[in-house]
Structure formats: structure tokens, C-alpha cells
2 protein chains.
Amino acid sequence: MSHKPVVLKIGGSAITFKEKPLTPNLRVMKRLAREISKARISKLLIVHGGGSFGHPIAKEYAINEGFKTKEQNIGFCWTHSAMVTLNSLFVNTLIQRDIPAIGIAPSSCILTKHGRIYAFDDKALTKFFEKDFIPVLYGDAVIDVAKGFSILSGDQLVSNLALKFEAERIIMGVDVDGVYTADPKKHSSASLIPQLTLKELKKMYKNLGDAGTVDVTGGMLGKIKELIPAIREGITVSIVNATKSNRVYKALKNEKVVGTYIQKG
Amino acid sequence: MSHKPVVLKIGGSAITFKEKPLTPNLRVMKRLAREISKARISKLLIVHGGGSFGHPIAKEYAINEGFKTKEQNIGFCWTHSAMVTLNSLFVNTLIQRDIPAIGIAPSSCILTKHGRIYAFDDKALTKFFEKDFIPVLYGDAVIDVAKGFSILSGDQLVSNLALKFEAERIIMGVDVDGVYTADPKKHSSASLIPQLTLKELKKMYKNLGDAGTVDVTGGMLGKIKELIPAIREGITVSIVNATKSNRVYKALKNEKVVGTYIQKG
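Residues numbered from 1 in each chain as written. Chains lettered and ligands numbered in written order. Predicted model: local features only at pLDDT ≥ 70, side-chain atom pairs only at ≥ 80, totals over all residues. Heavy atoms only, no water.

Caption draft 1: Just the sheet that holds strand β7 (residues 140-144) of chain B, in detail. Pairing in this open sheet of four strands is mixed, and the strands run β5-β4-β7-β8 (chain B) from one edge to the other. Strand pairing shows two members of the sheet lacking a second neighbour, β5 (116-120) and β8 (148-152) of chain B, which therefore form its edges. Geometrically, the sheet is characterised by an average inter-axis angle of 45° between neighbouring strands, direction not taken into account. Across five bridges, the pairing between β7 of chain B and β8 of chain B is antiparallel. Opposite Asp144 of chain B, over in β8 of chain B, you have Gly148 of chain B as the bridge partner. Each of β4 (110-113), β5 and β7 of chain B is contacted by helix α6 (residues 123-130) of chain A, which is oriented at about 65° to β4 of chain B, the strand it contacts most. Most of the contacts of helix α7 (residues 154-164) of chain B go to β5 of chain B, to which it runs at about 50°, and overall it touches β4, β5 and β8 of chain B. (Pairing = 2+ DSSP bridges. Helix = DSSP H or I, 4+ residues; strand = E, 2+ residues; numbered from the N terminus. Axes fitted to C-alpha atoms, helices over the stretch in contact; angles between N-to-C directions. Contact = heavy atoms within 4.5 Å.)

Listed below in C-alpha cells is the structure:
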């Protein structure tokens, strides 16, 4: 088995109920913990999204637009606190399966500038990783040196970590089966794209640009745009459905699995 | 009102039930949040201890002795996770009182060496402080570059933060009224020492040394030993009972209060 690192992203919509504020999907968390435990990846980094924990509060207080009024500071605090709660629930579920998972708070060690990672003190993170702990990071409200504060997306973190730790693979666990030719929630004719090269992916973005701002795939292209710098470096990306049994497990084991597989070319 | 920073330590034994694992004292937390809110200290840093959250697990897995076996890694993860839970409860109680409290995870940004702070990335912490957030740190399980991992006490953090941010005062909120001439839990003749100079304090440590390892004050001298470097720099220390109403409030307001007041000389 390869010992090159794997970065696993678990979408917030997979481990929370999107329509219910602050409601975790503990059943999915527990199943994912079992799958991660069974896969026995020694060098693993996990990132999760905010789902119904981070997003509603961040939106209410317009955290991503940066500092405008003092009242937003309380919203910033609530956003981070909600993410800590979600992270804690997921981390505890992993530890219960004997996975040495350690939550790393992005806002304690990362600053952004205009929303992009600007300073990332990764000394503690790197030590945890070297000692075979499994760091679990998350999309977070962070200090932004240009606009006061910002939202750092889990997807931006995934790309950053994959490059920093020279990962072999990125696995994106989402709530659909992968990238479709059209929005599968709207078009029954939409079909799953099993494989994409970087060139093909770029062509899809070009078409997207021509078509205005509508992402015909139902938002998946927007999510994976952050990963292009990693793909360009030869890191492969598997997009699989984390809400369905064994998809994440098979992706971790590098087995054939329903999903979209993206590689440089 | 002075705008020089104040560092407030809240002992774990004040905000948890010491004898009951993982049991927070929410009543004390809520009262402290009211007192902190009412005192309106603009430049405040808070540190809390572990109480029945951190200590039992850290002890069970001998985290403070450093890495010996792989099984300890799970104990390390549980210790940190328990501290995150306690921190979250306290931080949320503060935010509910409109205090812009932001939990800072020591293990995400601090490394120790032989148990002493060795690398402390304080970029995010400093930015939060500058922007009038109130950082809330805690005693934590951290990576130690010499012995694998260690416990970083809240008291060591207090001294470090007071010096780093050039604090005017340190307030130690504990579960007794201050420093006594003898252990107040064992000797009815024990009397509270209202004031101490650094010289007098050092003399007490000398007597302690002569008497062997028994701290006649019932452990309080051990707790404040970490603060000597700060006292030497002219930072004053007020030790007050955080389990009693308005003691922390009065100390924050720099009003006369039952407790032990320590200054350089």
C-alpha cells in the first residue's frame, strides 16, 4: 500500500441535515468513521465543510463580505463556535473507532488576505501528521488581513493541504454521485461523467463562462475549481457520494467506485 | 479606565464539578459571563483550566509523561477533545452575553519542549486581540518536540500571555478565597493572606522547600509559581474566589475585594 498522503474532504451536506440548522447527521458520521477505520490509511488528512452549522450563521452576519460593523463580531464568534461543535462531533465519532483524530482550528493558525490563505502556521499540524495523528480541519471563519475577516472554505484548505503534504490523491465526499453532464436534480437525462482530464475540466469551465453564471452541473464545478492547482501538480481527485455506503471506503482503498475521477491528463 | 490588557484565569475547579468527570458547572459559567460582561474590560484575554474534563483522561493515559506507547495517542485525542468541549461551553456562555469570545486551540498553534512553551504562533491570536475579540485559551494536550507530547497548563499560558501582551494585571479565579497561611480545608486556624510582595512569596517557596514537598497552603503556591516571571516584570496578580459572586467582577474593575494581592514590591 502506498504511504503517500491522502486528503479526504467530507462535504457539510453529507454530515449535517442541510435544511435543519445545527443538526448533525450522526448516522452518516458513524458510517464514515467505520469506513475510514477499515481503510487503514496511515497518512490521512481530513477536512469537512460547514453544512447547516456554519453556513446559515455566516450568511446571516455576512461574514464573507468582511468587517463592516461591530455586530458582525458576535456573528463571527457564533460561526466559529458552530464549526467547533460540528468538528467535535465528527472527531469524537472518529476517536470512538480508535482513529487518532485531532481537530485543528483553522482560525487559530490561518490568516487570509482577500479570502485567500495568506499565513498558515502549520508547525503543530505538521508534527501531528508526522506522528500519525489524523488532523481534521474544517471550513471556518478566519481573520483576513485585508477585509477584517472572511470565510475560509474547506475546499480551499483541501487544495492547500494536498500541495503542502504532497498528497497522492484527494477524495471529495459529497452528496451526489459525482460530476454530471447536467444538474441531476433537475434533468433526468443528466449522466454521470466517470472520468475527466484537466483539459476536459477546463473546457467545461470555459463553456460555463460562455453560458453566464449558471453551473449546468448543479454547482459541482464551482466546488472543484479550488482543486485545479493540485490536479495540475499530478494529484488525482475522486468525487464520490459520501451519503452512500462504501463509496468513500472504496475511494480510500483506491478501488473502482461509482464517481468522477479527475487526473491531469 | 486603563486600556492595558488584563489576563483572567478561571480555574477548572470553578467551572466544572471536580469529582464528576465531564460535568460542567453551568451556573458558575453563566454568572462569570455576567460579571465579565458587566466589567466591560476592552482588552481582555481569558484562560481556563481543565477541571474534570481534561485532568482524569490526561492522567489515565499519562499524557504529561510524554509519548511511550501508541495507545496514548487515543488518550491524547480524548484529552484535547474534552478540553474543546469545555472551552465551547464556556465560550458559548460568553457569546450569549454579547462578549465577542473566540476559542483559541493551544494544540493548533503551540509546541512545547520538555513541557515548556517552545513555539507559539500567535499571529491569529494577536489579530483577534487587536480587533477587540476576547481570546479564550485553555490548558491543553500539545505536541512536545522533546518528549512527543505534553500537558500545557493554563497557568503557564497565563504567564506567557501576560508578558506577550504587556498586561497590567492577572486575575486568578480559583475555588478558594486566596493564599492562606495553612491549608484552609484542613486547619481552622488558617488565615487568608491579603497581600504579598514577590520577596515574601519567594520566602514562602523557600520554606516550602525546607519542609519537603508539602505545600502548607494547600496547593495554591504551586499554582502561582508559574506567575513569578510576570510579577517580576511588574504585572500584579489578584487571586480571588471565582465560585463566589462578584469577586471576579470586583477584581476586573480593580476594586477592593477579598483575596490575595501580589505585587513586585
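Read on, since the account is not over.
Caption draft 2: View of the interface of chain A and chain B. In this assembly, 38 residues from chain A lie in contact with 38 residues from chain B. Buried area between chain A and chain B, both sides added, is near 3300 Å², and the carbon and sulfur share of it is 70%. A salt bridge links Lys70 of chain A to Asp132 of chain B, with the nearest nitrogen and oxygen atoms 3.3 Å apart. Taken together, the connections running from chain A to chain B amount to six residue pairs in polar contact (both at pLDDT 80 or more). For the side of chain A that touches chain B, the secondary-structure elements that each account for two or more residues are α4 (71-96), β3 (101-103), α5 (106-109) and α6 of chain A. Among the elements that make up the side of chain A that touches chain B, the one with the highest residue count is α4 of chain A (13 residues). A per-class count over the side of chain A that touches chain B returns 20 nonpolar, 11 polar and seven charged. (Buried area = accessible area lost by both parts, 1.4 Å probe. Salt bridge = Lys/Arg side-chain N within 4 Å of Asp/Glu carboxyl O. Polar contact = N/O pair within 3.5 Å; in protein donor to acceptor, adjacent residues only side chain to side chain. Nonpolar A, V, L, I, M, F, W, Y, C, P; charged D, E, K, R; others polar.)

Caption draft 3: View of the environment of Ile110 of chain B. By the secondary structure assignment, Ile110 of chain B is in strand β4. Not counting residues within four places of it along the chain, the set of residues in contact with Ile110 of chain B comprises Ile117, Ala119, Phe120, Val142, Ile143, Leu152 and Leu157 of chain B.

Caption draft 4: How the structure looks around empty space enclosed by the protein. Counting across every chain of the model gives one cavity of 30 Å³ or more. Here the largest cavity is characterised by a volume of approximately 220 Å³. Lining of the largest cavity is provided by 22 residues; of these, Val84, Ala105 and Tyr138 of chain A together with Val84 and Tyr138 of chain B occupy positions nearest its centre. Among the secondary structure elements, those contributing two or more residues to the lining of the largest cavity are α4 of chain A together with α4 (71-96) of chain B. Within the lining of the largest cavity, the residues separate by chemical class into 10 nonpolar, 12 polar and no charged. (1 Å grid on protein atoms, 1.4 Å probe; cavity = no way out; pocket = protein on both sides within 12 Å on 5 of 7 lines; lining within 4 Å. Points joined across faces, edges and corners; volume = space filled by probe spheres on them.)

Caption draft 5: Fine view of the nonpolar core. Grouped together as the largest cluster of nonpolar side chains are 184 residues, with contacts concentrated most on Ile170 and Leu252 of chain A together with Ile170 and Leu252 of chain B. Residues contacting Leu252 of chain A, with those up to four places away along its chain left out, are Val6, Leu8, Glu35, Ile36, Ala39, Ile41, Leu44, Arg169 and Ile171 of chain A. (Core = buried A, V, L, I, M, F, W, Y, C linked by side-chain atoms within 4.5 Å. Buried < 20%, exposed > 50% of the residue type's maximum accessible area, 1.4 Å probe, protein only.)

Caption draft 6: Representation of the sheet that holds strand β11 (residues 236-241) of chain B. All names here are of chain B. The strand order β3-β6-β2-β1-β9-β11-β12-β10 describes an open sheet built from eight strands, whose pairing is mixed. In the strand order of this sheet, the two ends are held by β3 (101-103) and β10 (195-197), each with one partner. Each neighbouring strand pair of the sheet contributes to a mean axis angle of 20°, computed without reference to strand direction. The pairing of strand β9 (residues 169-174) with β11 spans six bridges and is parallel. Across the sheet, Met172 pairs through a bridge with Ile239, a residue of β11.

Caption draft 7: Representation of the pairing of strand β5 (residues 116-120) of chain A within the structure. Residue and element names in this part refer to chain A. Pairing analysis gives four bridges linking strand β4 (residues 110-113) to β5, with the strands arranged antiparallel. Counterpart to Ile110 in the pairing with β5 is Phe120. In this structure, the hairpin formed by β4 and β5 is closed by a connection of two residues, where His114 is found at a positive phi of approximately 50°.

Caption draft 8: Molecular detail of unusual backbone geometry. For Asp98 of chain A, which is not glycine, the phi torsion reads 65° and is therefore positive. Along the chain, Asp98 of chain A turns up in the loop between α4 and β3. Unlike most non-glycine residues, Arg40 of chain B shows phi in positive territory, near 50°. By secondary structure assignment, the location of Arg40 of chain B is in the loop between α2 (26-39) and β2 (44-48). Classification of Arg40 of chain B by relative accessible area gives exposed; the value is 66%.

Caption draft 9: Quick look at the environment of Thr79 of chain A. All names here are of chain A. Summarising the element assignment, Thr79 is placed in helix α4. Separated by 20 residues in the primary sequence, Thr79 and Lys59 have C-alpha atoms spaced 9.4 Å apart. The residues contacting Thr79, other than those within four sequence positions of it, are Gly54, Ile57, Ala58, Ile63, Ala141 and Ile151. Within the local environment of Thr79, its side chain forms a polar contact with the backbone oxygen of Gly75, the two atoms lying 2.7 Å apart.

Caption draft 10: Just α2 of chain B, in detail. Residues and elements named next belong to chain B. Between its terminal C-alpha atoms α2 stretches 20 Å, which fits the 20 Å expected from 14 residues at 1.5 Å a residue. Taken together, the buried positions of α2 are occupied by Val28, Met29, Arg31, Leu32, Ala33, Glu35, Ile36 and Ala39. Contacts made by the buried residues of α2 are with β1 (6-10), α1 (12-15), β2, α4 and α11 (247-252). (Expected span 1.5 Å × (residues − 1).)

Caption draft 11: Broad picture of the pairing of strand β7 (residues 140-144) of chain A. For β7 of chain A, the buried fraction is high: five of the five residues fall into the buried class. The hairpin formed by β7 of chain A and strand β8 (residues 148-152) of chain A contains three residues between the paired strands.

Caption draft 12: Main features of the environment of Lys68 of chain A. Residues and elements named next belong to chain A. Structurally, Lys68 can be placed in the loop between α3 (51-60) and α4. Each C-alpha atom of the pair Lys68 and Phe149 lies 9.8 Å from the other, and the pair is 81 residues apart in sequence. A polar contact of 2.7 Å, which involves the side chain of Lys68, links it to the side chain of Glu65.

In short, the description is geometric, and any link to function would need to be established separately.
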